[in-house]
Each structure stands twice: as structure tokens, then as C-alpha cells.
Amino acid sequence: MTIAIGLEGSANKLGVGIIRHTPSKPAEILSNIRHTFVSPPGEGFLPKDTAIHHRSWVVKLVKQALKESGVTIREVDCICYTKGPGMGAPLQSVAVAARTLALLWDKPLVGVNHCVGHIEMGREITGADNPVVLYVSGGNTQVIAYADQRYRIFGEALDIAIGNCLDRFARTLNISNDPAPGYNIEQMAKKGKHLIDIPYTVKGMDCSFSGILGFIDAYAGEMLSGAEKRDPDTRELITPEDLCFSLQETAFAMLVEITERAMAHVGSTQVLIVGGVGCNERLQEMMGIMARDRGGSVYATDERFCIDNGIMIAHAGLLAFQTGFTTPIDESTCTQRFRTDEVFVKWRE
Amino acid sequence: MPPLRLIDGTLVKQGAEAHVYKSTFLYPNVPCLIKVRPTKPYRHATLDMRLTKHRCISEARLLNRCRSMGVLCPTVYFVDEKRGEIIMEWIEGPSVRDFLHNYIDDASDHGKDENKAIDVQLDALMENIGQTIGKLHDIDTIHGDLTTSNLMLKPRESPGTQVLDTADTSLANSDVVLIDFGLGQVSSSDEDKAVDLYVLERAFLSTHPRATRLFDIIIDSYKRNCLGSSVVLRRLQEVRLRGRKKSMVG
Ligand SMILES: Nc1ncnc2c1ncn2[C@@H]1O[C@H](COP(=O)(O)OP(=O)(O)O)[C@@H](O)[C@H]1O
Ligand SMILES: [Mg+2]
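Because the structure is a prediction, the values reported are computed rather than measured. (Residues numbered from 1 in each chain as written. Chains lettered and ligands numbered in written order. Predicted model: local features only at pLDDT ≥ 70, side-chain atom pairs only at ≥ 80, totals over all residues. Heavy atoms only, no water.)

### Some details on the overall build of chain B
So, point 1. The helix and strand tally for chain B stands at 6 helices and 9 strands.
So, point 2. The buried share of chain B, reckoned over its 250 residues, is 52%.
So, point 3. In chain B, 65% of the contacts between residues at least 6 apart in sequence involve partners at least 24 apart.
So, point 4. Surface summary for chain B: the accessible area is close to 12100 Å², and the carbon and sulfur share equals 54%. (Helix = DSSP H or I, 4+ residues; strand = E, 2+ residues; numbered from the N terminus. Buried < 20%, exposed > 50% of the residue type's maximum accessible area, 1.4 Å probe, protein only. Contact = heavy atoms within 4.5 Å. Areas by Shrake-Rupley, 256 points an atom, 1.4 Å probe, with all protein chains shown as cover.)

Next up, the structure:
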């Protein structure tokens with residue numbers, strides 16, 4: 001039996017989770033709490049402010065997580081933290097906290113790749129054994145499959161990530177960041193009905209979102225400055241809800257298409273969606289229809305796991321720890337760029 | 001008048017977006033492939049129609065273009081724009097993907113000398129691939145989905161040639177053929193060509209992680225066989241860097 005505590009803070013969420021692994025039993029989540037730095041509408045979160053947020057909440061969250069879990073410090077086997085990728089200052093503030101705990105409690109440290117954290121937690125929760133993974137978040141859009149001890153990137157967004165595209169679009173339309181811009185776009189999209197013709201850019205298993213963003217930003221800009229936009233067939237007015245709808249329908253179709261291409265290429269019928277955008281129910285629905293058509297199924301998790309969290313860092317860290325991996329204090333740095341395929345996955349067949 | 005639909009075709013494969021059937025065209029001894037793009041129920045009907053139609057027409061045009069300009073690909077026999085179907089030449093070879101999988105997995109079971117012979121053959125295949133892509137780009141055609149699944153091996157037509165199967169070790173008698181042009185376009189832009197190579201690079205290295213060395217041969221051959229290669233390859237460096245420099249927050 002081993003227990004790990006995981007600390008995550010690579011973007012605007014600070015998460016602390018405690019997990020227990022018992023051989024031949026599912027992992028047990030003893031606690032998984034999060035505090036989010038929410039910026040005002042029309043603004044993104046800046047690294048400096050986000051780091052201040054993390055620093056001021058981390059002690060409180062660790063104490064609360066320990067209390068909820070009922071675990072004593074003595075029972076903890078290792079401290080896992082996000083090594084990257086992510087924003088420099090927030091990553092560092094959490095790494096400092098992790099180092100402090102490791103020294104204070106005399107426990108080994110384990111640096112974890114954020115993306116691998118998402119993948120391993122998704123596999124654990126859903127039971128998807130060897131899926132093609134679509135990882136979609138604020139900073140990442142990747143289609144991943146496992147081969148030969150690594151999570152290999154088969155496709156990705158060539159310019160900006162899907163989450164970033166959604167966030168920036170929300171800013172243009174002054175959509176609230178609370179609880180998250182993507183969530184609010186999803187709610188608005190449910191009321192949209194006209195599909196406007198948006199650039200659709202797929203290149204093999206890669207795709208591109210900057211064309212979409214440019215187009216829809218210009219379109220929304222004209223709308224906000226009073227120009228009347230109408231549907232060519234019905235002559236009805238185009239609403240901001242229609243824009244959200246069209247953005248989702250187009251961008252998600254691209255994501256499903258590149259995932260399907262990877263599934264055909266590697267010969268898999270399972271697909272797992274992870275990362276913050278993975279909470280979107282329309283994306284899950286579209287992916288489900290595609291997978292069913294191929295005789296397979298889609299696996300997805302809810303917001304506790306697809307939004308950045310500490311438990312996934314604890315889980316992936318503990319998997320590595322059990323194979324003998326630790327991160328010595330003097331190597332316990334963090335890095336803004338840390339590709340998914342850089343990690344040697346020793347714990348899988 | 002369009003011919004009757006060839007309902008006696010047998011479904012051979014569900015590709016990434018197409019269903020492909022094997023049948024015969026006009027004569028019982030002329031095998032053909034019917035490529036059908038079924039509607040994708042996951043996406044909005046309007047978007048689906050737009051994409052399906054565009055891809056069918058663009059694939060047929062690009063196949064004809066390549067054919068007429070000397071890049072090896074299946075001959076188009078018939079296009080049914082309404083149904084979005086293409087009837088084309090049947091290529092009787094394995095895909096390069098299946099070929100490499102068998103080859104490389106086999107290689108670990110062979111002795112050293114045998115491996116050397118295999119290496120020489122593989123090098124020749126990679127050389128051939130680089131040449132084919134180089135030619136494609138020289139006629140300002142972008143494939144749009146370069147992977148080893150979309151490269152096939154076709155036995156060269158000469159009397160008495162044996163059909164190549166995935167276990168066959170003789171590559172000497174086969175040509176590399178490009179298929180699946182639905183995402184292609186005509187473009188002379190270095191950026192488009194560089195992205196074409198980048199797509200291939202990542203797909204290749206992820207699919208055949210033990211064959212990293214082989215990809216370098218493709219690029220080297222492309223360098224020697226494509227007139228505009230130096231600018232494209234410089235651009236490829238930039239595209240790679242862009243990939244690595246992306247912020248990746250969250
Ligand atoms: N002309 C052909 N002859 C024989 N097999 C083919 C031919 N074209 C395609 N195939 C087979 O069908 C599969 C799917 O066809 P493809 O054109 O690549 O469609 P998709 O867009 O679905 O990938 C290919 O990977 C290949 O195995
Ligand atoms: Mg194909």
C-alpha cells in the first residue's frame with residue numbers, strides 16, 4: 001500500500017490530491033480539492049497574479065486535503081508535483097511548496113508531467129485500457145497513442161490550442177470567466193441554431209485554430225459594432241449564441257476528425273478525452289457518435305478529473321514512484337515546455 | 001448516364017473517413033476500388049455535406065493531376081459527384097505502414113546478415129518515398145495527410161511478377177503509390193509543403209518509433225529529388241520550432 005500527495009498549479013487552478021494504491025485494487029481517492037484564480041471578464045490570467053494566488057492558498061489546501069483524507073504525515077510515501085508544462089511563475093510557486101513539504105516531512109519528491117497526469121488519471125477512472133487519447137485544454141491539443149514505453153503524439157494543433165481559442169473568443173464577446181469561459185460558451189451554444197460558415201482546417205492528424213479565431217473575432221467585432229448579420233436562408237439575425245454554436249460545431253468536428261484519423265491509423269476503437277475542454281458535453285457526444293460508428297466507445301471524466309487537479313499528479317507520480325523513480329531535491333526544477341513524449345513510461349507493458 | 005451502382009463490391013476497409021469496397025470495373029478481370037464517404041452523423045449536416053462534397057471532388061481532381069504529371073497514384077475510373085463516390089484502380093499491395101510493421105517486427109527475429117540485407121532494401125524504399133513526395137511537391141501539389149497508411153506498394157507490371165504480400169521481402173519490384181488525396185490542394189507555398197512534411201514526420205516517428213533512422217533517408221532523398229527542397233526544408237525547421245515553442249499552459 002502506498003500513498004502520495006499531489007500538487008498541481010501549472011495554470012490558474014491550484015489543486016491538492018491524496019491517493020492510495022493497493023496492489024490489484026482500483027486507486028482510492030482520499031481527497032481532491034481545488035481553488036481557482038478567476039480573472040475579470042475580458043481578461044486572461046497573468047502569471048504573476050496566478051502565482052500570488054497559488055502561494056497564498058497552497059498551505060490551506062494541503063492542510064485541508066490531509067484533514068479530509070484522514071491520512072497522517074507518517075503514512076505519506078511521496079510528494080508529487082507538476083514539473084511542467086505550464087506557466088513559469090505558477091509552476092515555480094507550487095514546486096517551492098512541494099520542496100518545502102519534502103524537506104519538512106523528509107519524503108521523496110516526484111516531478112510529474114502534467115499531460116501524463118491527465119492521461120493516467122483518465123485511464124484509471126474510466127478503465128479505458130489502451131485508448132487513443134484526445135488531450136484538450138487551455139494550452140494543449142494533442143492526439144496521443146501509447147507505443148513502446150511512451151505516449152506518442154500523432155497529431156496536434158499547429159498553432160493555438162482549442163482551449164485558448166475558446167478563451168480568447170469569450171474575451172471578444174465579453175463572456176464571463178466564472179466558472180470558466182469554455183463552460184459559458186457551452187451554455188450559450190445550446191441556444192444557438194444557425195451555423196455560420198467558418199474556416200475548417202485539418203491537415204492529416206493535425207489541425208489549426210488561428211484561422212477560426214481570426215474569422216470569428218472579425219465577425220463578432222462587426223456584430224458588436226452594430227452591423228446586422230443575417231442567416232442567408234432564413235434571414236434571421238445571427239446572435240452571439242449562434243456564434244458560440246458555430247464555433248463549437250466547427251472546432252469540435254475538427255477534433256473528432258483528427259482523433260478518428262489516428263484511430264484508423266493505429267487500429268484502435270477506444271478513445272479517451274482528457275483535459276479541461278474534455279468536460280464539454282457536446283464534444284463528448286460527438287466523439288461518442290464517431291466511436292460507436294467504428295464499433296468502439298468514448299471514455300470521458302467529469303470536471304473533478306478533466307479540469308486540472310492534484311489527484312492526477314498524485315496518481316501519475318505514484319505510478320512512477322512504484323517503479324523506483326524519484327526526483328532529487330537539487331533536480332526538482334520545473335519547465336514551461338515538457339512534451340508528453342519525453343516521459344519514459346516504465347509502469348506500462 | 002451514370003452506371004449502376006456496383007453493389008457486388010465487398011467492404012475491405014473502414015478508413016479514417018471512407019468506406020472502401022473492392023469490385024470490378026467493366027470487365028471481370030479489372031479489379032477496382034470504390035471509395036465512399038458516408039455521412040458523419042457526429043457533425044452538423046450542413047458542414048458534413050460541404051466537407052464530403054469538397055473532398056470527393058478535390059480528391060478526384062488531384063488524382064488526375066498527379067497521374068497526368070507523372071506522380072504515381074491510382075487511376076480514376078469514374079466519379080459520381082452526387083453520391084460522392086470515386087471508382088479507381090485497385091492497388092494490389094500492402095500499405096507502407098503494414099509493410100514496415102511486419103518488416104521491423106520480423107527483423108528482430110532474424111540474424112545479423114539477414115538484417116543487413118533488409119536494411120538495404122528498406123533504405124531503397126525510403127529513398128523511393130522521398131523521391132515520390134519530392135515529385136509531388138515539384139508539381140505544386142500538397143497531399144494534406146501524408147502517413148505511411150496513405151502510401152502503398154504496387155507490384156511493377158511485368159509478366160510473371162508475383163503479387164507482393166506483407167511478408168514478402170523483395171521490394172525491388174514495387175513502386176510507391178500515393179493514395180487518399182481528400183485533404184490535398186494545389187499550392188506552391190513553401191509553408192504548405194513544409195507542413196506536409198511535418199505531418200509525415202510526426203506520423204512516421206510515432207507509428208514506427210524504432211525506425212527513426214529511416215525518416216532521415218526520406219528527407220535526404222527529398223532534398224536531392226525535389227527542385228524547391230532547400231527552401232521547404234528551411235521552412236520545415238521553423239514549423240518544428242513553432243511546435244516546440246507553443247506555450248502549452250494547462
Ligand atoms: N486504390 C486502392 N487500392 C487498394 N486499396 C486501397 C486503395 N485506396 C485505398 N485503399 C485502402 O483503403 C484504405 C482507406 O482508403 P483511403 O483512401 O486512405 O481513405 P481514408 O480517408 O478513409 O483513409 C487505405 O488505407 C488502403 O488500405
Ligand atoms: Mg487514408
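### Remarks on the sheet that holds strand β2 (residues 13–21) of chain A
Residue and element names in this part refer to chain A.
So, point 1. Read from one edge of the open sheet, 5 strands run β3-β2-β1-β4-β5, paired in mixed fashion. In this open sheet, the two edge strands, each paired with only one partner strand, are β3 (28–36) and β5 (109–113). When the angles between neighbouring strand axes are averaged without regard to direction, this sheet yields 20 degrees.
So, point 2. When strand β1 (residues 2–8) meets β2, the two strands line up antiparallel, connected through 7 bridges. Each bridged residue has a counterpart across the sheet, and for Leu 7 the counterpart in β2 is Val 16.
So, point 3. Packing of helix α1 (residues 47–69) onto the sheet brings it into contact with β1, β2 and β3, and relative to β3 it is tilted by some 155 degrees.
So, point 4. Lying over the sheet, helix α2 (residues 88–105) contacts β1, β2, β4 (78–84) and β5, oriented at roughly 160 degrees with respect to β4. (Pairing = 2+ DSSP bridges. Axes fitted to C-alpha atoms, helices over the stretch in contact; angles between N-to-C directions.)

### Some thoughts on the coordination of the magnesium ion (ligand 2)
So, point 1. Donor atoms from the polypeptide that bind the magnesium ion (ligand 2) are B:Asn150 (OD1) and B:Asp180 (OD), placed at 2.2 Å. One end of the pair, B:Asn150, is in the loop between β6 (141–142) and β7 (151–155); the other, B:Asp180, is in the loop between β8 (174–178) and β9 (185–186), and 30 residues separate them in sequence. (Donors = N, O, S within 2.8 Å, 3.2 Å for Na, K, Ca; no water.)

### Brief notes about the interface of chain B and chain A
So, point 1. The interface of chain B with chain A comprises 39 residues on the first partner and 53 residues on the second.
So, point 2. Counting the surface lost from both chain B and chain A, the interface buries some 3800 Å², and carbon and sulfur atoms represent 52% of this.
So, point 3. At the junction of chain B and chain A, the tally comes to 9 salt bridges.
So, point 4. Between A:Asp206 and B:Arg202 there is a salt bridge; the shortest N-O distance is 2.7 Å. (Buried area = accessible area lost by both parts, 1.4 Å probe. Salt bridge = Lys/Arg side-chain N within 4 Å of Asp/Glu carboxyl O.)

### Overview of the site of ligand 1
Residues and elements named next belong to chain B.
So, point 1. Around ligand 1, a shell composed of 18 residues is seen, among which Ala 16, Ala 18, Lys 35, Ile 91 and Asp 180 lie nearest.
So, point 2. At a separation of 3.4 Å, an oxygen atom of ligand 1 approaches a polar side-chain atom of Lys 13.
So, point 3. In the complex, 93% of the free accessible area of ligand 1, which totals 540 Å², lies under the protein chains.
So, point 4. Elements represented by at least two residues in the shell around ligand 1 include exactly β3 (31–36) and β5 (85–89).
So, point 5. Its residues placed into classes, the shell around ligand 1 shows 10 nonpolar, 3 polar and 5 charged.
So, point 6. No fewer than three residues from each of domain 1 (11–89) and domain 2 (96–249) sit in the shell around ligand 1. (Near = heavy atom within 4 Å. Polar contact = N/O pair within 3.5 Å; in protein donor to acceptor, adjacent residues only side chain to side chain. Nonpolar A, V, L, I, M, F, W, Y, C, P; charged D, E, K, R; others polar. Domains from an automatic or database assignment.)

### Some points on unusual backbone geometry
So, point 1. Here A:Gly84 and A:Pro85 are connected by a cis peptide whose omega angle stands at -5 degrees.
So, point 2. Residue A:Pro179 is bonded to the preceding A:Asp178 through a cis peptide linkage, with omega at 0 degrees.
So, point 3. Relative to the helices and strands, A:Pro179 resides in the loop between α4 (162–172) and α5 (181–189).
So, point 4. Notably, A:Asp106 is not glycine yet its phi reads approximately 55 degrees, a positive angle.
So, point 5. Given the relative accessible area of 67%, A:Asp106 is considered exposed.
So, point 6. At B:Asp140, a residue that is not glycine, the phi angle is positive and equals roughly 55 degrees.

### Re the packing of α1(A) against α2(A)
Residue and element names in this part refer to chain A.
So, point 1. Direction vectors running N to C along α1 and α2 enclose 30 degrees, while the axes themselves pass 8 Å from each other. Classified by chirality, the crossing of α2 by α1 is right-handed. Residues Pro 47, Thr 50, Ala 51, His 54, Arg 55, Val 58, Val 62 and Leu 66 of α1 form the contact with α2, whose own contacting residues are Ala 89, Pro 90, Ser 93, Val 94, Ala 97, Leu 101 and Trp 105.
So, point 2. Classifying every residue of the contact of α1 with α2 gives 11 nonpolar, 3 polar and 1 charged. (Left-handed = near helix turned anticlockwise from the far one by under 90°.)

### Observations regarding the pattern of salt bridges
Residues and elements named next belong to chain B.
So, point 1. Enumeration over the complete set of coordinates arrives at 40 salt bridges over all chains.
So, point 2. A salt bridge links Glu 59 to Lys 35, with the nearest nitrogen and oxygen atoms 3.1 Å apart. Placement of the pair is Glu 59 in helix α1 (residues 45–68) and Lys 35 in strand β3, with a sequence separation of 24 residues.
So, point 3. Taking relative accessible area as the criterion, Lys 35 reaches 7% and is therefore assigned buried.
So, point 4. A salt bridge links Asp 123 to Arg 213, with the shortest nitrogen-to-oxygen separation between them at 3.2 Å. Taken as a pair, Asp 123 in helix α3 (residues 112–138) and Arg 213 in helix α5 (residues 212–225) lie far apart in primary sequence, 90 residues in all.
So, point 5. Given the relative accessible area of 26%, Asp 123 is considered partly exposed.

### Details of the side chain of A:Ser268
All names here are of chain A.
So, point 1. Within the secondary structure, Ser 268 sits in the loop between α7 (240–266) and β11 (270–274).
So, point 2. Reaching out from Ser 268, the side chain makes a polar contact with the backbone nitrogen of Gln 270 at a distance of 3.3 Å.
So, point 3. Setting aside residues up to four positions removed in sequence, Ser 268 forms contacts with Asn 130, Pro 131, Val 132 and Met 263.

### Some points on the nonpolar core
So, point 1. Ranked by size, the top nonpolar core spans 59 residues in total, and within it A:Ile162, A:Phe169, A:Phe209 and A:Leu243 carry the most contacts.
So, point 2. In terms of residue count, the dominant contributor to this core is α7(A) (13 residues).
So, point 3. Excluding anything up to four places from it in sequence, A:Ile162 contacts A:Val136, A:Ser137, A:Asn140, A:Thr141, A:Phe209, A:Ala251, A:Phe252, A:Leu255 and A:Val277.
So, point 4. Grouped together as the second largest cluster of nonpolar side chains are 54 residues, B:Val71, B:Leu100, B:Tyr198 and B:Leu236 included. (Core = buried A, V, L, I, M, F, W, Y, C linked by side-chain atoms within 4.5 Å.)

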